[in-house]
Amino acid sequence: MSKRHCLVTFHDGAWQVADTSTNGTYLNQESQRLGTDAPRILRDGDRIIIGAYEIEVILSDRAAASVSPSSANEAQASKRTG
């Protein structure tokens, strides 16, 4: 696993992933690694594979609402005071 293994960005209305590693980033059990020069659009349910780790992509309004800025600020405040 690399220090900066892949890059996930929001571009032209869609989430995208590109490999930035020397070890390879894979999408959905494909045998070909992602390219650095051709980001792939992510869809709900996709899986990004980085070494032994598999990250599921969840794209929904409900998921975004579950981590509101106010709840994120509250979590940071409790870490400082805890």
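A. The pairing of strand β5 (residues 47-50), seen in detail. As paired elements, strand β3 (residues 26-27) and β5 share two bridges and run antiparallel to each other. Within the sheet, the bridge partner assigned to L27 lies in β5 and is I48. With four bridges joining them, β5 and strand β6 (residues 53-56) adopt antiparallel strand pairing. Within the sheet, the bridge partner assigned to I48 lies in β6 and is I55. Connecting β5 to the next strand, β6, in antiparallel fashion are two residues, including G51 with a positive phi near 60°.

B. Layout of the pairing of strand β1 (residues 6-11). Sheet analysis places β1 next to strand β2 (residues 14-19), joined by six bridges and oriented antiparallel. When the bridges of β2 are listed, C6 appears paired with D19. The turn linking β1 back onto β2 is made up of two residues, and D12 within it adopts a positive phi angle of 55°.

C. Examining the sheet that holds β6 more closely. Pairing in this open sheet of three strands is antiparallel, and the strands run β3-β5-β6 from one edge to the other. Because the sheet does not close on itself, it has two edges, and the strands there are β3 and β6.

D. Here's a closer look at a nonpolar patch on the surface. Judged by side-chain polarity, V8, F10, W15 and L59 come together as a nonpolar surface patch covering roughly 370 Å² of accessible area. For W15, the location among the structural elements is in strand β2.

E. Quick look at unusual backbone geometry. Positive phi, close to 55°, is recorded for D12, a residue that is not glycine. Of note, D12 is situated in the loop between β1 and β2. With a phi angle near 65°, Q29 is a residue other than glycine that sits in the positive phi range. Mapping Q29 onto the fold places it in the loop between β3 and β4 (40-41).

F. Region of interest: the nonpolar core. Within the largest apolar cluster, seven residues are counted, these being V17, L27, L34, L42, I48, I50 and V57. Beyond its immediate sequence surroundings of up to four residues, L27 is in contact with L34, R40, L42, D46, R47, I48 and I49.

G. Region of the structure containing the environment of L42. Summarising the element assignment, L42 is placed in the loop between β4 and β5. Sequence spacing of L42 and V17 is 25 residues, and the spatial spacing of their C-alpha atoms is 6.8 Å. With near-sequence residues (within four places) excluded, L42 lies in contact with V8, W15, Q16, V17, L27, I48, V57 and L59.

Rules and cut-offs
Residues numbered from 1 in each chain as written. Predicted model: local features only at pLDDT ≥ 70, side-chain atom pairs only at ≥ 80, totals over all residues. Heavy atoms only, no water. Pairing = 2+ DSSP bridges. Helix = DSSP H or I, 4+ residues; strand = E, 2+ residues; numbered from the N terminus. Patch = residues over 30% accessible without salt bridge, like charges linked within 9 Å, V, L, I, M, F, W, Y side chains within 5 Å. Areas by Shrake-Rupley, 256 points an atom, 1.4 Å probe, with all protein chains shown as cover. Salt bridge = Lys/Arg side-chain N within 4 Å of Asp/Glu carboxyl O. Core = buried A, V, L, I, M, F, W, Y, C linked by side-chain atoms within 4.5 Å. Buried < 20%, exposed > 50% of the residue type's maximum accessible area, 1.4 Å probe, protein only. Contact = heavy atoms within 4.5 Å.

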